[in-house]
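Listed below, chain by chain, are the residues.
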Amino acid sequence: MSTVLGRAWAPVRSLLPTRGDLTAMGRNPRRDLLAGLTVAIVALPLALGFGVSSGLGAEAGLATAVVAGALAAVFGGSNLQVSGPTGAMTVVLVPIVARYGPGGVLTVGLIAGLMLIALAVARAGRYMQYVPAPVVEGFTLGIACVIGLQQVPNALGVAKPEGDKVLVVTWRAAEEFVRQPNWTALGLALAVAAVMLIGARWRPAIPFSIVAVIAATLVAQVFHLDAVKPIGDLPAGLPAPSLCFLDLSALGSLLAPAVAVAALAALESLLSASVADGMTVGQRHDSDKELFGQGIANLAAPLFGGVPATGAIARTAVNVRTGASSRLASLTHAAVLAVIVFAAAPLVSRIPLAALAGVLLATAIRMVEVGSLRAMAKATRSDAVVLVLTAVATLALDLVYAVIIGLLVAGALALRAVAKQARMEQVPFRPHLPGEDSEEEHALLAEHIVAYRIDGPLFFAGAHRFLLELTEVADVRVVILRMSRVTTIDATGALVLKDAVQKLNRRGIAVLTSGIRPGQRQVLDSVGTLELLRYEGREYATTPEAIQGARTHLQCAGVLPIPAQKTAPSLVITEESPR
């Protein structure tokens, strides 16, 4: 029994934090503490805003940022990831709130947490490595644009217009600014962004975001800038953990929304962790541990009234750019938010929204790696198309659709490129003929036999092109297919090959094969191709054997003369002969 329990516990134990994770937090605590404080300043208005947008209130956003942020930092697979409520998740949650109420959202969060843990135990995180780099780069570029555009209303000092599309909201905010300009808010936002961008080049170790936000807050208070709107009142404290929101009768109908929430949490968190790796040198996340950490976070957050959480790209980017090197920064971010909730709400409520908009504008600009984008665009035309398409889809649609579109297009282009590698070319068979044959017989064989070598994959993406090439061969008696260099073959390729053989047979052309690999026999046999190739013994192990089979076929057809039977000399044994 203990052995069985040990085997069952092993997958979970490998996902738990290690001593190395804890040791890393003590290597550079000063930088991590400053980075965590900076992220907390940035995360506060986002947590409040996303909580309100979800329909559960600002306190739900704060609870998520504190509880999920801390647990995902401890149990997650990235040293730099910052988790909490996100805009993409809010879009998914709004219809759930409308249909099932707040209790439905919290129940969905619990179910999604269990699903994420199951994915982690099943080692599903490794499939993230199959996401092409252009998709990740395009996703990052699109997210940077979305983050920047989301700050336009606050940067312009106007109320956020109605709408769920960032482009529409930005346009309406610009129209409102034209009607009633608020140059004070705009100047404050641009000043904060400029201080951050210039300061990062001048003294990268100094947290200029904190300096800029404090300076902007002091300016707004000292000069009584009524045109600059502050954050406003904050809720005091977090609710006590409770399971009273669970509605077991609705579990069946909540499974589908939970799957959507879990998929988005996994996708956004793993992409965010990948983006963080790309922004640093030497940092690599563990995808399965990250899924496990997000699962734990989403199990706990609803108990405190929080909404489902994911890895947050904007906050993670701030964390990386301000010098974070371990999980201590993410834990500090959660701890600072907890202190704010309980003790410093009146002070933080005075921070101008325009100043925070400037912080995120600078963050969005710094997320864009121009060198990486230029290199990716120059690599191949396909990479450039995937990058641009993913970025545009992220901006115009949402994150899930953007990644799905990027993967589909990248997959289609990759299949197209692989299919082009498959080729069929005519090869001479003379080197495989026995040396004692006459030149006349060689010429006669060449007149009636053609040999082709198939190189590369024979699968659905390029199989029909192969069919056209093969069925248009010259009017010969025998076609020899050398298949030893076929790298892979699927059911479509096998069916196309069968169709080509049947068409050639109907024209009176015999098809012989050589060198079929053992791993390809099952596919050929499943659709009846192998049985057809074996007809009258037309499948051979080597090319010389196939040529000999073609010679025999031509002899039976009367094209080649049948050689005279050679009689072996009799052996006379005498008494003196050895036996």
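Residues numbered from 1 in each chain as written. Predicted model: local features only at pLDDT ≥ 70, side-chain atom pairs only at ≥ 80, totals over all residues. Heavy atoms only, no water.

Engineer: What should I look at first to understand helix α8 (residues 166–179) in this one?
Structural biologist: Residues lying three or four places apart along an α-helix face the same way, a consequence of the helix completing one turn every 3.6 residues. End to end, α8 covers 20 Å across 14 residues, agreeing with the expected 20 Å (1.5 Å per residue, within 8%). When we look at burial in α8, the residues that qualify are Val166, Val169, Thr170, Ala173 and Phe177. Down the axis of α8, the sector holding all buried residues measures 100°, keeping them to one side. Of the residues in α8, the exposed ones pointing more than 90 degrees away from the buried face are Trp171, Val178 and Arg179. (Helix = DSSP H or I, 4+ residues; strand = E, 2+ residues; numbered from the N terminus. Expected span 1.5 Å × (residues − 1). Buried < 20%, exposed > 50% of the residue type's maximum accessible area, 1.4 Å probe, protein only. Arc of directions from axis to C-beta.)

Engineer: Would you mind going over helix α9 (residues 183–202) with me for this structure?
Structural biologist: With 20 residues, α9 extends 27 Å between its outermost C-alpha atoms, agreeing within 8% with the 28 Å of an ideal straight helix rising 1.5 Å per residue. Three or more residues of α9 are buried, namely Ala185, Leu186, Leu188, Ala189, Val192, Ala193, Met196 and Gly199.

Engineer: Teacher, can you tell me more about the pattern of salt bridges here?
Structural biologist: Per the counting criterion, the structure on display carries 5 salt bridges. Note that Asp455 and Arg453 form a salt bridge whose closest N and O atoms lie 3.4 Å from each other. Assessed through its relative accessible area of 14%, Arg453 is described here as buried. Note that Glu539 is salt-bridged to Arg521, the shortest N-O span being 2.6 Å. Here Glu539 is found in strand β8 (residues 539–540), whereas its partner Arg521 is found in helix α22 (residues 518–526), with 18 residues between them in sequence. (Salt bridge = Lys/Arg side-chain N within 4 Å of Asp/Glu carboxyl O.)

Engineer: What exactly am I supposed to notice about the packing of α9 against helix α10 (residues 208–222) here?
Structural biologist: In a packed pair of helices, the relevant descriptors are the angle between the two axes and the axis-to-axis distance. Where α9 meets α10, the axes come as close as 9 Å, and the angle between the chain directions of the two elements is 150°. The angle between the axes of α9 and α10 places the two elements in the roughly antiparallel class. Crossing of α9 against α10: the hand is right-handed. Side by side, α9 and α10 meet where Leu188, Val192, Val195, Met196, Gly199, Ala200 and Trp202 of the first sit next to Phe208, Ser209, Ala212 and Ala216 of the second. Its residues assigned to classes, the contact of α9 with α10 comprises 9 nonpolar, 2 polar and no charged. (Axes fitted to C-alpha atoms, helices over the stretch in contact; angles between N-to-C directions. Parallel < 35°, antiparallel > 145°, perpendicular 65-115°, else oblique. Left-handed = near helix turned anticlockwise from the far one by under 90°. Contact = heavy atoms within 4.5 Å. Nonpolar A, V, L, I, M, F, W, Y, C, P; charged D, E, K, R; others polar.)

Engineer: When you look at the packing of aromatic side chains in this model, what are you seeing that I'm missing?
Structural biologist: Ring pairs (aromatic) are described by centroid distance and by the angle formed between their planes. Counted according to the given criterion, the structure contains 2 aromatic pairs. Ring geometry for Phe75 and Phe292: centres 6.3 Å apart, planes at 70°, overall edge-to-face. Note that Phe75 is positioned in helix α4 (residues 58–75) and Phe292 in helix α12 (residues 287–300), a separation of 217 residues in sequence. Residue class for Phe75 comes out partly exposed when judged on its relative accessible area of 22%. Between Phe177 and Trp183, the aromatic rings sit 5.1 Å apart at their centres with planes inclined by 80°, giving edge-to-face as the arrangement. The exposure class of Phe177 is buried, given its relative accessible area of 10%. (Phe/Tyr/Trp six-rings, centres within 6.5 Å; stacked < 30°, edge-to-face > 60°.)

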